[in-house]
Amino acid sequence: YQDVQNVIIETCIISTSKEKSKKIFYHRGSNYGTSTLNRTHLTDHGCPDDDIEFFEIENKTLTELLAKHHIDHLDYLFIDAEGFDIDILMSLDLSLVTVENIHLEIVHSDGAFKRGQKFKMLCEYLKSKDYDFTVNDVDLTAKRTRDNLK
């Protein structure tokens, strides 16, 4: 991606924690590229416990990562964080960054293949921030409304 404008590669994990590093769990030997902060998320997907490994990686919040690179506007934010999507989005300080369009996975919002209270909180949050959104079985797509654009 070195010849592509506006692409930044950062080796870290995004979470809501202020810890400097976090354990990330993954399915050893699998072609299925799922990694997560929650070991149980892998076992809930049918991964045998003996096949789960982990390593430590630098941790940042999304707000910290954007501030580090002086980013205050995003045309499109895509989050697929294996159950942590809503937490990450709701931790983003929208007074510091303008996000026009948001796409995130909601199928695991309240646990593996569960949608509940956290999902409902997200919908209220997006409404309060003047986003219109659509939902399907797996994803949510949101767009800032015209009257909220700067």
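Predicted model, so just to flag it, every value in this text is computed and none were measured. (Residues numbered from 1 in each chain as written. Predicted model: local features only at pLDDT ≥ 70, side-chain atom pairs only at ≥ 80, totals over all residues. Heavy atoms only, no water.)

Enquirer: Requested: an account of the confidence of the model for the chain, with residues and values cited.
Expert: Here the chain shows a mean pLDDT of 88. Residues at 70 or above account for 94%. Predicted confidence in the chain is weakest over strand β3 (residues 35–36), with a mean pLDDT of 84, and strongest over strand β8 (residues 139–144), with 96. (pLDDT = per-residue confidence, 0-100. Helix = DSSP H or I, 4+ residues; strand = E, 2+ residues; numbered from the N terminus.)

Enquirer: I'd love a proper account of the nonpolar core, names of residues and values included.
Expert: Leu 104 and Leu 126 are the most contacted members of the largest nonpolar core, which totals 22 residues. Of all the secondary-structure elements, those providing two or more residues to this core are α2 (62–68), β5 (73–79), α3 (85–91), β6 (98–105), α4 (117–128) and β8. At 5 residues, the largest contribution of residues to this core is made by α4. Contact partners of Leu 104, with chain neighbours within four places excluded, come to Ile 79, Asp 85, Ile 86, Leu 89, Leu 122, Val 138, Asp 139 and Leu 140. (Core = buried A, V, L, I, M, F, W, Y, C linked by side-chain atoms within 4.5 Å. Buried < 20%, exposed > 50% of the residue type's maximum accessible area, 1.4 Å probe, protein only. Contact = heavy atoms within 4.5 Å.)

Enquirer: Go over unusual backbone geometry with me, naming the residues and quoting the values.
Expert: Although it is not a glycine, Asn 6 sits at a positive phi angle of roughly 65 degrees. Its place among the elements puts Asn 6 in the segment before β1 (13–14). Even without being a glycine, Glu 82 presents a positive backbone phi close to 45 degrees. Secondary-structure assignment places Glu 82 in the loop between β5 and α3. Judged by its relative accessible area of 11%, Glu 82 is buried.

Enquirer: Residue-level account of the packing of aromatic side chains, with values.
Expert: Tallied over the entire structure, the rule returns 2 aromatic pairs. Measuring from ring centre to ring centre gives 5.8 Å for Phe 25 and Phe 54, while their planes differ by 55 degrees; the resulting arrangement is tilted. Separated by 29 residues along the polypeptide, Phe 25 in strand β2 (residues 21–27) and Phe 54 in strand β4 (residues 52–60) bring together distant segments of the chain. Taking the relative accessible area as the measure of exposure, Phe 54 reaches 43% and is therefore partly exposed. For Lys 23, the ring lying beneath its charged end belongs to Phe 54, and the centroid distance is 4.5 Å. (Phe/Tyr/Trp six-rings, centres within 6.5 Å; stacked < 30°, edge-to-face > 60°. Lys NZ or Arg CZ within 6 Å of the ring centre and 35° of its normal.)

Enquirer: Please give an account of the side chain of Ser 109 that cites residues and values.
Expert: Considering the arrangement of structural elements, one finds Ser 109 in the loop between β6 and α4. Here Ser 109 falls in the buried class, since its relative accessible area comes to 4%. Ser 109 has contacts with Ile 86, Lys 114, Arg 115, Gly 116, Lys 118 and Phe 119, leaving out every residue within four places of it along the chain.

Enquirer: Describe α4, with residues and values.
Expert: If you check α4, its first and last C-alpha atoms are 17 Å apart, about what 12 residues at 1.5 Å a residue would give, namely 16 Å. Within α4 the residues assigned to the buried category are Phe 119, Leu 122, Cys 123, Tyr 125 and Leu 126. One side of α4 carries all its buried residues, which in axial view fall inside an arc of 165 degrees. Exposed residues pointing more than 90 degrees away from the buried face of α4 are listed as Gln 117, Lys 120 and Ser 128. (Expected span 1.5 Å × (residues − 1). Arc of directions from axis to C-beta.)

Enquirer: Give a description of the layout of surface pockets that names residues and reports values.
Expert: Within this model, the largest pocket holds a volume of roughly 990 Å³. Lining the largest pocket are 29 residues; nearest its centre among them are Ile 14, Leu 62, Leu 65, Leu 77 and Phe 78. Breaking the lining of the largest pocket down by element, the ones donating at least two residues are β1, β3, α2 and β5. Per element, the largest residue contribution to the lining of the largest pocket is 6 residues, and it comes from β5. (1 Å grid on protein atoms, 1.4 Å probe; cavity = no way out; pocket = protein on both sides within 12 Å on 5 of 7 lines; lining within 4 Å. Points joined across faces, edges and corners; volume = space filled by probe spheres on them.)

Enquirer: Give a description of the pairing of strand β7 (residues 131–135) that names residues and reports values.
Expert: One ladder, built from 5 bridges, connects β7 with β8; its direction is antiparallel. Bridge assignment links Thr 134 to a residue of β8, and that residue is Thr 141. In textbook terms, the turn of a hairpin is the stretch between consecutive antiparallel strands, and for β7 and β8 this stretch comprises 3 residues. (Pairing = 2+ DSSP bridges.)

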